[in-house]
Amino acid sequence: MGNAVKAPATLMEALQYFSDPLTCVQFFAALRWENGEAQCPRCRSKHTSFLSTRLMWKCLDCEKQFSIKVGTIFEDSAISLDKWLCAMFLIANCKNGVSSYEIARDVKVTQKSAWFMLQRIRHAMHTGTFNKLSGQIEADETFIGGKARNMHSDKRADKIRGRGPEGKAIVMGVLERGGEVRATVVPTRRKGDVQSHVREHVLAGSAIFTDALKSYEGLDEFQHEVIDHAVEYVRGEVHTNGMENFWSLLKRGLHGTYVSVEPFHLFRYIDEQAFRFNKRHTTDADRFVQLCSNVAGRRLTWNQLTGKNDVERLANGAASVVEPF
Ligand SMILES: [Zn+2]
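It should be emphasised that the depicted structure is a prediction, and the values quoted were computed from it without experimental measurement. (Residues numbered from 1 in each chain as written. Predicted model: local features only at pLDDT ≥ 70, side-chain atom pairs only at ≥ 80, totals over all residues. Heavy atoms only, no water.)

A.B. asks: Help me understand the pairing of strand β2 (residues 56-59), please; the structure alone is not making it clear to me.
C.D. replies: Consecutive side chains of a regular strand alternate in pointing toward one face of the sheet and then the other. When strand β1 (residues 48-51) meets β2, the two strands line up antiparallel, connected through four bridges. Directly across from Thr48, in β2, lies its bridge partner Cys59. Taken together, β1 and the strand that follows it, β2, pair antiparallel across an intervening segment of four residues, in which Leu55 is found at a positive phi of about 55 degrees. Where β2 lies against strand β3 (residues 65-66), two bridges are found, and the strand directions are antiparallel. Counted as the bridge partner of Lys58 is Gln65 from β3. Taking the residues between adjacent antiparallel strands as the criterion, β2 and β3 are bridged by five residues, where Glu63 takes a positive phi near 70 degrees. (Pairing = 2+ DSSP bridges. Helix = DSSP H or I, 4+ residues; strand = E, 2+ residues; numbered from the N terminus.)

A.B. asks: Teacher, can you tell me more about the pattern of salt bridges here?
C.D. replies: Any two side chains of opposite charge can pair, so long as their charged atoms come close to each other. What the rule picks out here adds up to 12 salt bridges. Notably, a salt bridge pairs Arg276 with Glu272, separated by 2.7 Å at the nearest N-O pair. In this pair, Arg276 and Glu272 both sit in helix α9 (residues 266-278), four residues apart, roughly one turn of the helix. Residue Arg276 is classed as buried on the basis of its relative accessible area, which comes to 6%. Among the residues examined, Glu272 registers a relative accessible area of 1% and is labelled buried. Within the structure, one salt-bridge network assembled from shared partners comprises Arg122, Glu272 and Arg276. (Salt bridge = Lys/Arg side-chain N within 4 Å of Asp/Glu carboxyl O. Buried < 20%, exposed > 50% of the residue type's maximum accessible area, 1.4 Å probe, protein only.)

A.B. asks: Got a minute to help me understand the sheet that holds β3 in this structure?
C.D. replies: Pairing between sheet strands relies on hydrogen bonds along the backbone, with the strands arranged either parallel or antiparallel. Strands sit in the order β1-β2-β3 across an open sheet of three strands; the sheet is antiparallel. Of all strands in the sheet, those bounded by a partner on one side alone are β1 and β3.

A.B. asks: Would you take a moment to explain the nonpolar core for this structure?
C.D. replies: Most often, soluble globular proteins keep nonpolar side chains buried together rather than apart. Judged by nonpolar contacts, the single largest core of 48 residues is most densely connected at Phe288 and Leu291. The set of elements that each furnish at least two residues to this core consists of α2 (21-32), β2, α3 (81-93), α4 (100-107), α5 (111-125) and α10 (284-296). At 10 residues, α3 tops the list of elements feeding residues into this core. Leaving out residues up to four positions away in the same chain, Leu291 has contacts with Met88, Ile91, Ala92, Ile121, Ala124, Met125 and Phe275. (Core = buried A, V, L, I, M, F, W, Y, C linked by side-chain atoms within 4.5 Å. Contact = heavy atoms within 4.5 Å.)

A.B. asks: Please explain the coordination of the zinc ion as it appears in this structure.
C.D. replies: Put simply, the ideal angle at a metal is 109.5 degrees for four donors in tetrahedral geometry and 90 or 180 degrees for six donors in octahedral geometry. The protein atoms that coordinate the zinc ion are Cys40 (SG), Cys43 (SG), Cys59 (SG) and Cys62 (SG), at distances of 2.3 Å. In this structure, the zinc ion is coordinated by four donor atoms arranged in tetrahedral fashion, with angles at the metal of 103 to 121 degrees. When the donor residues of the zinc ion are listed from N- to C-terminus, their spacing reads C-x2-C-x15-C-x2-C. Residue Cys43 is found in the loop between α2 and β1, and its partner Cys59 is found in strand β2; the two are separated by 16 residues along the sequence. Assessed through its relative accessible area of 0%, Cys59 is described here as buried. (Donors = N, O, S within 2.8 Å, 3.2 Å for Na, K, Ca; no water. Tetrahedral: all angles 85-135°; square planar, octahedral: opposite > 155°, others 65-115°.)

A.B. asks: What is the right way to look at the packing of aromatic side chains in this model?
C.D. replies: Given two aromatic rings, their pairing is described by the distance between the two centres and the angle made by the two planes. For the structure on display, the rule yields 15 aromatic pairs. An angle of 85 degrees between the planes, with centres 6.1 Å apart, marks the rings of Tyr17 and Phe27 as edge-to-face. Here Tyr17, found in helix α1 (residues 11-17), pairs with Phe27, found in helix α2; they are 10 residues apart in sequence, far enough to count as distant. Residues Phe74 and Trp84 carry aromatic rings whose centres are separated by 4.8 Å and whose planes lie at 45 degrees to one another, so their mutual orientation is tilted. Note that Phe74 is positioned in the loop between β3 and α3 and Trp84 in helix α3, a separation of 10 residues in sequence. Here the two residues Phe74 and Trp84 agree in accessibility, since each one is buried. Ring-pair connections join several aromatic residues into one group, and the members of that group are Tyr17, Phe18, Phe27, Phe89 and Phe288. Cation over ring: Arg122 sits above Tyr269, and NZ or CZ is 4.2 Å from the ring centre. Positioned above the aromatic ring of Phe275 is the side chain of Lys279, whose terminal nitrogen or guanidinium carbon lies 4.8 Å from the ring centre. (Phe/Tyr/Trp six-rings, centres within 6.5 Å; stacked < 30°, edge-to-face > 60°. Lys NZ or Arg CZ within 6 Å of the ring centre and 35° of its normal.)

A.B. asks: When you look at α4 in this model, what are you seeing that I'm missing?
C.D. replies: Residue pairs spaced three or four apart in an α-helix point in one direction, given the helix's 3.6 residues per turn. What α4 keeps buried is the set Ser100, Ile103, Ala104 and Val107. Along the axis of α4, the buried residues cluster in a sector spanning 100 degrees; they form a single face. Facing away from the buried side of α4 by over 90 degrees, the exposed positions are Tyr101 and Arg105. Looking at the buried residues of α4, the elements they touch are α3 and α5. (Arc of directions from axis to C-beta.)

A.B. asks: Can you walk me through the sheet that holds strand β6 (residues 181-186) in this structure?
C.D. replies: The strand order across the open sheet built from five strands is β6-β5-β4-β7-β8, with neighbouring strands paired in mixed fashion. Whereas interior strands pair on both sides, the edge strands pair on one side only; in this sheet they are β6 and β8 (223-227). Sheet twist, expressed as the mean angle between neighbouring strand axes with direction ignored, is 20 degrees. Where helix α7 (residues 191-201) meets the sheet, it contacts β4 (136-144), β5 (169-176), β6 and β7 (207-211), and its direction lies at approximately 30 degrees from that of β5. The strands touched by α9 within the sheet are β4, β5 and β6, with β6 carrying the most contacts at an inclination of about 175 degrees. (Axes fitted to C-alpha atoms, helices over the stretch in contact; angles between N-to-C directions.)

Following this line, the structure appears as structure tokens:
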């Protein structure tokens, strides 16, 4: 997707390129619609005419007018497309993360607007996919948030509740070596939560490397090898260093760039970090185009974004959700 679209390669180029409103609309239309040909969101007709003075289309069948924003994460936003696209360029290509303060300054919106923009863009970064990972897989879980506390009481609490130390969220991830990571918030470290994440994202028969946590016992349809961190960290190809690397990226972003993250919003930051990580082998321009394609292919309203869907996603461990347009 987006092969024909020439995307800016740097932020400076993006700012310049998107300073023209018509260019913004054309750029996004080319990504969003086949051959850049507008389609009426109401009746699906491609029989339209472009109103260049309003930068909108008129459907010649149902006679409604529509903008490029309808049916995307921009839908009910008064913020202009050039600001959206520049914010997306920033967030697609920053190393660890970008704060709403930085977006506010660079894109020239209020901090509050920047925060809303970021949350929506992160939502677009969530990659719902049906393709399972395969080959050599590392599976691991980590705690996010809270302060380091007394180990003994943490462990005791862990045992009593079967979950992480109080005040910390548990994030579960699987990584295909050389490929993608899939990470999500899980309610507990119990066998059911941990293994269902593995089974959802990893092809049976793959090699799986985990640490010695009991919850990983019984992954019988995989070639499961365990590295006991009490004894050693690496035994040939049996290790979870790739997942550790992803966790440190995630935590660096969370502690360094973002002042604080409410637990409710944690999965968004994970989606954001995973998006950049999974596209680490591509160029800034391509990563940006892929993000734009995600935005264009989804139908999301702000109510859906902030309301029920999030609660549901959180309740079921923020499992993959695909929202086809
Ligand atoms: Zn129509």
